[in-house]
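Remarks on the overall topology
Below, each chain spelled out in residue letters.
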Amino acid sequence: LRIDVNRILYTGFSAGGSGSFKLVRGLASKGKYFAGLNRIAGQSESVMAEPAVGRTAIWLHIGLRDTPQRVRVSRDLYQNLKKHPINAGAVETHASDTVEDPKGTGRDVPRSTWVLTKTGVEVARYSEYPTCGHDAWVGYADPYMYEWIFGRVISKGTKAGQHPGTRR
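Residue positions are given per chain, counted from 1 along the sequence in the order it is written. It should be noted that, the model being predicted, local features are given only for residues of pLDDT at least 70 and side-chain atom pairs only at 80 or more, the latter also being counted only at that level, while totals for whole chains, interfaces and linings use all residues. Excluding hydrogens and water, the side-chain values take into account all heavy atoms of the structure.

On to helix α1 (residues 15-28). Helix numbering and strand numbering both begin at the N terminus, where a helix is a DSSP run of H or I of at least 4 residues and a strand a DSSP run of E of at least 2. How far a helix is expected to stretch is found by multiplying one less than its residue total by 1.5 Å. Over its 14 residues, α1 extends 20 Å from the first C-alpha to the last, a length consistent with the 20 Å expected when each residue adds 1.5 Å. At its buried positions, α1 is contacted by β1 (9-13), β2 (36-40), α2 (50-53), β3 (57-63) and α3 (68-83). Contact between two residues is taken to exist if any of their heavy atoms lie within 4.5 Å; hydrogens are not considered.

Okay, structure coming up:
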């Protein structure tokens, strides 16, 4: 099969989001990395494997009506990425907007998103949905999600300590 190993991504919901860090850690121990990680309603681990921090872009999604532990873990994870030495000099932006409800209710779901960008590349994105609980599937309804996913790539020249690039 023709698979571009520099564009492998992982997305996981709930336990799959939590398990993502076990996969990241296992791959990193073999010198391999995901280009991007899309984690929705993950509930464990707020520290990413050290060698992956500079090589794997991440987008976190959490419904604020989920359990307090899941919300805390997601917020802590974003803060840990933000404070990581490799992200020194990263610029943080914040936006509040809405996403169309994927359940077909005709209502939009409010969202707040924080983005860390370093040297023109998004390295971390964190979205909170105040009206969602554990059912934060709305993250998959975001039209930008697919642009973000398909834009992640680990360039052949990327070394530990550098951020993944995009195809732009």
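This next bit is on the packing of aromatic side chains. The rule is short: rings of Phe, Tyr and Trp, with Trp giving its six-membered ring, pair when the centres are within 6.5 Å, and they are stacked under 30 degrees, edge-to-face over 60, tilted in between. The full count for this structure, using the stated rule, is five aromatic pairs. Relative to Y144, the ring of W59 has its centre 6.0 Å away and its plane inclined at 50 degrees; by these criteria the two rings are tilted. Placement of W59 in strand β3 and of Y144 in helix α5 (residues 143-151) is noted, with a sequence separation of 85 residues between them. Judged by relative accessible area, which is 0%, W59 ranks as buried. Only protein chains enter the calculation, and the probe is 1.4 Å; a residue is then buried if its accessible area is under 20% of its type maximum, exposed if over 50%, and partly exposed in between. Residue classification places Y144 among the buried positions, given a relative accessible area of 19%. Here the aromatic cluster, defined as three or more aromatic residues joined through ring pairs, consists of W59, Y144 and W148. A cation over an aromatic ring shows up here: R125 above the ring of W59, its NZ or CZ 4.9 Å from the ring centre. Only when the NZ of Lys or the CZ of Arg is both within 6 Å of the ring centre and within 35 degrees of the ring normal is a charge said to sit over the ring.

What follows concerns the sheet that holds β3. The mixed open sheet is built from six strands, whose spatial order is β1-β2-β3-β6-β5-β4. The open sheet has two edge strands with one neighbour each: β1 and β4 (91-100). With strand direction ignored, the average angle separating the axes of adjacent strands in the sheet is 15 degrees. Looking at chain direction, β1 and β2 are connected through five bridges and run parallel. The partner of G12 across the bridge, within β2, is R39. With respect to the sheet, α3 is in contact with β2, β3, β4, β5 (108-118) and β6 (121-129), its orientation differing from that of β3 by roughly 155 degrees. The criterion for strand pairing is that DSSP finds at least two bridges linking the strands in question. As a rule, the C-alpha atoms of each element are fitted with a line to give its axis, helices using only the stretch in contact, and angles between N-to-C directions run from 0 to 180 degrees.

With that settled, the discussion passes to the nonpolar core. Think of a nonpolar core as a cluster: buried Ala, Val, Leu, Ile, Met, Phe, Trp, Tyr and Cys residues, connected wherever their side-chain atoms sit within 4.5 Å. Grouped together as the largest cluster of nonpolar side chains are 25 residues, with contacts concentrated most on V24, L37, M48, I58 and L81. At the level of elements, α1, α2, β3, α3 and β6 are the ones that each hand at least two residues to this core. If you tally residues by element for this core, the top one is α3, at four residues. Residues within four places of L37 in sequence aside, it is in contact with Y10, S20, F21, V24, M48, T56, A57, I58, W59 and W148.

Function cannot be read off these values alone, since they describe shape.
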